[in-house]
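Structural characterization, general
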Amino acid sequence: GIFHDCMVHDIDMITWVLGELPTQVHSMANSQIPEIAAIDDFDNVVTTLIFPSGTIGIINVNRFASYGYDQRLEVFGMKAMYEANNGRPNNAVRSSEKGSAVDPIFHSFPSRYQESYYAEMDCFVDVVNGDKVLPITYLNSSAVSKIADAAEKSARSGEPVNLIWDTTKSQMAISNLPLNFGCTIVTIKFGGINICNFLY
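The notes below deal with the structure included here. Keep in mind it's a predicted model, so treat the numbers as computed, not measured.

Relative to strand S2 (residues 44-50), strand S1 (residues 24-30) runs antiparallel, the two sharing seven bridges. Residue pairing in the sheet places alanine 29 in a bridge with valine 45 of S2. Sheet topology note: the S1/strand S8 (residues 161-162) ladder contains two bridges and is antiparallel. Each residue of the ladder has a partner; that of glutamine 24, found in S8, is asparagine 162.

With that settled, the discussion passes to the nonpolar core. In terms of nonpolar packing, the biggest core is built from 26 residues, with Phe3 and Met7 touching the most fellow members. Residue assignment for this core shows that the elements contributing at least two residues are helix H1 (2-18), S2, strand S3 (56-62) and helix H5 (138-157). Excluding its chain neighbours within four sequence positions, the residues that come into contact with methionine 7 are Ile2, Val45, Thr47, Ile59, Val61 and Ala151.

With 20 residues, H5 extends 29 Å from end C-alpha to end C-alpha; this agrees with the ideal 28 Å at 1.5 Å per step. Residues of H5 that are buried: Leu139, Asn140, Ala143, Val144, Ile147, Ala148, Ala150, Ala151, Ser154 and Ala155. Viewed end-on, H5 has its buried residues packed into an arc of 165 degrees, placing them on one side of the element. For H5, the exposed residues lying more than 90 degrees away from the buried face are Tyr138 and Lys153.

Calculation criteria
Residues numbered from 1 in each chain as written. Predicted model: local features only at pLDDT ≥ 70, side-chain atom pairs only at ≥ 80, totals over all residues. Heavy atoms only, no water. Pairing = 2+ DSSP bridges. Helix = DSSP H or I, 4+ residues; strand = E, 2+ residues; numbered from the N terminus. Core = buried A, V, L, I, M, F, W, Y, C linked by side-chain atoms within 4.5 Å. Buried < 20%, exposed > 50% of the residue type's maximum accessible area, 1.4 Å probe, protein only. Contact = heavy atoms within 4.5 Å. Expected span 1.5 Å × (residues − 1). Arc of directions from axis to C-beta.

What follows is the structure in C-alpha coordinates.
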(Lines give C-alpha, C1' and ligand atoms only; values in the text may rest on other atoms or scores of the structure.)
Protein backbone atom coordinates (compact mmCIF):
# COMPACT_ATOMS: atom_id res chain seq x y z
CA GLY A 1 0.00 0.00 0.00
CA ILE A 2 0.85 3.68 0.08
CA PHE A 3 2.94 3.42 3.24
CA HIS A 4 5.33 0.84 1.77
CA ASP A 5 5.41 1.83 -1.89
CA CYS A 6 5.36 5.63 -1.52
CA MET A 7 5.95 6.90 2.00
CA VAL A 8 9.00 4.68 2.60
CA HIS A 9 11.07 7.01 0.39
CA ASP A 10 10.07 10.05 2.44
CA ILE A 11 10.70 8.20 5.71
CA ASP A 12 14.12 7.25 4.36
CA MET A 13 14.82 10.88 3.50
CA ILE A 14 13.65 12.39 6.80
CA THR A 15 15.58 9.91 8.97
CA TRP A 16 18.71 10.34 6.83
CA VAL A 17 18.53 14.13 6.98
CA LEU A 18 18.00 14.19 10.75
CA GLY A 19 20.22 11.24 11.60
CA GLU A 20 17.73 9.95 14.17
CA LEU A 21 14.69 7.73 14.39
CA PRO A 22 11.23 8.80 15.55
CA THR A 23 9.84 7.75 18.90
CA GLN A 24 6.21 8.29 17.86
CA VAL A 25 4.20 8.48 14.63
CA HIS A 26 0.61 9.58 14.11
CA SER A 27 -1.18 9.29 10.75
CA MET A 28 -4.44 10.44 9.24
CA ALA A 29 -5.52 9.07 5.86
CA ASN A 30 -8.41 8.81 3.43
CA SER A 31 -9.24 7.52 -0.04
CA GLN A 32 -10.61 9.88 -2.69
CA ILE A 33 -9.95 7.54 -5.63
CA PRO A 34 -12.60 4.76 -5.74
CA GLU A 35 -10.19 2.16 -7.15
CA ILE A 36 -7.81 2.75 -4.23
CA ALA A 37 -10.62 2.58 -1.66
CA ALA A 38 -11.79 -0.69 -3.22
CA ILE A 39 -8.49 -2.38 -2.34
CA ASP A 40 -8.61 -0.99 1.25
CA ASP A 41 -5.73 1.40 0.72
CA PHE A 42 -5.37 5.18 1.05
CA ASP A 43 -4.48 7.85 -1.50
CA ASN A 44 -3.98 10.77 0.93
CA VAL A 45 -1.88 10.49 4.08
CA VAL A 46 -0.46 12.97 6.57
CA THR A 47 1.95 11.55 9.15
CA THR A 48 3.63 13.40 11.98
CA LEU A 49 6.81 12.01 13.51
CA ILE A 50 8.27 12.99 16.88
CA PHE A 51 12.06 12.65 17.18
CA PRO A 52 14.24 12.39 20.32
CA SER A 53 15.74 15.83 19.61
CA GLY A 54 12.26 17.35 19.81
CA THR A 55 12.07 17.86 16.06
CA ILE A 56 8.61 17.37 14.53
CA GLY A 57 8.50 15.76 11.10
CA ILE A 58 5.53 16.02 8.76
CA ILE A 59 5.08 13.80 5.72
CA ASN A 60 2.25 14.49 3.28
CA VAL A 61 1.76 11.76 0.66
CA ASN A 62 -0.78 11.71 -2.17
CA ARG A 63 -1.32 9.22 -4.98
CA PHE A 64 -2.23 11.89 -7.50
CA ALA A 65 -0.76 15.22 -8.53
CA SER A 66 -2.13 16.39 -11.88
CA TYR A 67 0.76 18.83 -12.39
CA GLY A 68 3.63 16.30 -12.15
CA TYR A 69 5.80 14.31 -9.76
CA ASP A 70 5.82 16.64 -6.77
CA GLN A 71 8.36 15.90 -4.05
CA ARG A 72 9.70 18.71 -1.87
CA LEU A 73 11.62 18.98 1.39
CA GLU A 74 11.76 21.86 3.87
CA VAL A 75 13.84 21.87 7.03
CA PHE A 76 13.05 24.73 9.40
CA GLY A 77 15.36 25.74 12.22
CA MET A 78 15.94 28.57 14.66
CA LYS A 79 18.75 30.02 12.53
CA ALA A 80 18.11 28.83 8.97
CA MET A 81 15.94 26.86 6.57
CA TYR A 82 16.84 24.33 3.87
CA GLU A 83 14.61 23.72 0.85
CA ALA A 84 14.79 21.08 -1.87
CA ASN A 85 12.25 21.96 -4.54
CA ASN A 86 11.00 20.19 -7.64
CA GLY A 87 13.35 20.06 -10.59
CA ARG A 88 12.28 20.82 -14.15
CA PRO A 89 13.53 19.55 -17.52
CA ASN A 90 14.35 23.17 -18.35
CA ASN A 91 14.79 25.95 -15.80
CA ALA A 92 14.30 28.81 -18.26
CA VAL A 93 11.52 31.27 -17.43
CA ARG A 94 9.72 33.12 -20.23
CA SER A 95 8.25 36.45 -19.15
CA SER A 96 6.06 38.80 -21.19
CA GLU A 97 3.19 41.23 -20.74
CA LYS A 98 0.95 38.17 -20.30
CA GLY A 99 2.95 36.89 -17.35
CA SER A 100 5.63 34.25 -16.80
CA ALA A 101 5.79 30.64 -17.91
CA VAL A 102 8.06 27.73 -17.01
CA ASP A 103 8.27 24.09 -18.03
CA PRO A 104 6.17 21.80 -15.83
CA ILE A 105 7.93 19.67 -13.23
CA PHE A 106 8.92 16.11 -14.18
CA HIS A 107 5.95 13.78 -14.65
CA SER A 108 7.27 10.54 -13.14
CA PHE A 109 9.96 9.19 -10.85
CA PRO A 110 12.10 7.71 -13.68
CA SER A 111 12.42 11.17 -15.21
CA ARG A 112 12.70 13.02 -11.90
CA TYR A 113 15.39 10.74 -10.49
CA GLN A 114 17.30 9.69 -13.61
CA GLU A 115 20.61 11.05 -12.27
CA SER A 116 19.98 9.39 -8.91
CA TYR A 117 19.53 5.99 -10.55
CA TYR A 118 22.85 6.42 -12.39
CA ALA A 119 24.57 7.38 -9.12
CA GLU A 120 22.95 4.42 -7.34
CA MET A 121 24.21 2.00 -9.98
CA ASP A 122 27.71 3.51 -9.88
CA CYS A 123 27.76 3.14 -6.10
CA PHE A 124 26.55 -0.47 -6.34
CA VAL A 125 29.34 -1.35 -8.78
CA ASP A 126 31.92 0.39 -6.56
CA VAL A 127 30.73 -1.58 -3.50
CA VAL A 128 30.75 -4.91 -5.41
CA ASN A 129 34.27 -4.16 -6.68
CA GLY A 130 35.43 -3.34 -3.15
CA ASP A 131 36.20 0.29 -3.99
CA LYS A 132 33.62 1.75 -1.62
CA VAL A 133 31.91 0.86 1.64
CA LEU A 134 28.11 0.56 1.47
CA PRO A 135 26.90 4.06 2.44
CA ILE A 136 23.80 2.82 4.30
CA THR A 137 23.40 0.42 7.19
CA TYR A 138 21.03 -2.39 8.07
CA LEU A 139 19.30 -0.02 10.51
CA ASN A 140 18.65 2.53 7.75
CA SER A 141 16.72 -0.08 5.77
CA SER A 142 14.95 -1.98 8.55
CA ALA A 143 13.91 1.19 10.38
CA VAL A 144 12.10 2.56 7.34
CA SER A 145 9.92 -0.55 7.13
CA LYS A 146 9.18 -0.47 10.88
CA ILE A 147 8.19 3.22 10.70
CA ALA A 148 5.97 2.56 7.65
CA ASP A 149 4.23 -0.27 9.53
CA ALA A 150 3.65 2.04 12.50
CA ALA A 151 2.32 4.83 10.25
CA GLU A 152 -0.19 2.46 8.66
CA LYS A 153 -1.22 1.06 12.05
CA SER A 154 -1.84 4.62 13.25
CA ALA A 155 -3.90 5.51 10.18
CA ARG A 156 -6.11 2.45 10.64
CA SER A 157 -6.49 2.80 14.42
CA GLY A 158 -6.63 6.59 14.64
CA GLU A 159 -4.11 6.46 17.50
CA PRO A 160 -0.42 7.45 17.73
CA VAL A 161 2.07 4.59 17.72
CA ASN A 162 5.19 4.65 19.91
CA LEU A 163 8.46 3.21 18.63
CA ILE A 164 11.42 1.77 20.55
CA TRP A 165 14.83 1.27 18.90
CA ASP A 166 17.81 -0.97 19.67
CA THR A 167 20.78 0.84 18.17
CA THR A 168 23.42 -1.35 19.84
CA LYS A 169 23.79 -3.62 16.78
CA SER A 170 23.68 -1.07 13.98
CA GLN A 171 23.99 2.68 13.62
CA MET A 172 22.34 5.09 11.20
CA ALA A 173 24.14 6.49 8.19
CA ILE A 174 23.31 10.19 8.14
CA SER A 175 23.44 13.11 5.75
CA ASN A 176 26.26 15.62 5.68
CA LEU A 177 23.91 18.59 5.96
CA PRO A 178 25.12 20.98 8.67
CA LEU A 179 21.92 20.84 10.71
CA ASN A 180 23.39 22.57 13.74
CA PHE A 181 20.95 25.44 13.50
CA GLY A 182 18.35 24.12 15.94
CA CYS A 183 16.21 22.04 13.57
CA THR A 184 12.58 22.14 14.72
CA ILE A 185 10.34 21.06 11.84
CA VAL A 186 10.95 18.97 8.72
CA THR A 187 8.21 18.88 6.08
CA ILE A 188 8.11 16.53 3.11
CA LYS A 189 5.47 16.80 0.37
CA PHE A 190 4.98 13.99 -2.11
CA GLY A 191 2.39 13.84 -4.87
CA GLY A 192 2.79 11.04 -7.36
CA ILE A 193 1.48 10.37 -10.81
CA ASN A 194 -2.05 9.08 -11.26
CA ILE A 195 -1.81 5.57 -9.82
CA CYS A 196 -5.15 4.65 -11.38
CA ASN A 197 -3.29 4.26 -14.66
CA PHE A 198 -1.61 1.20 -13.17
CA LEU A 199 -4.77 -0.44 -11.81
CA TYR A 200 -6.23 -1.51 -15.14
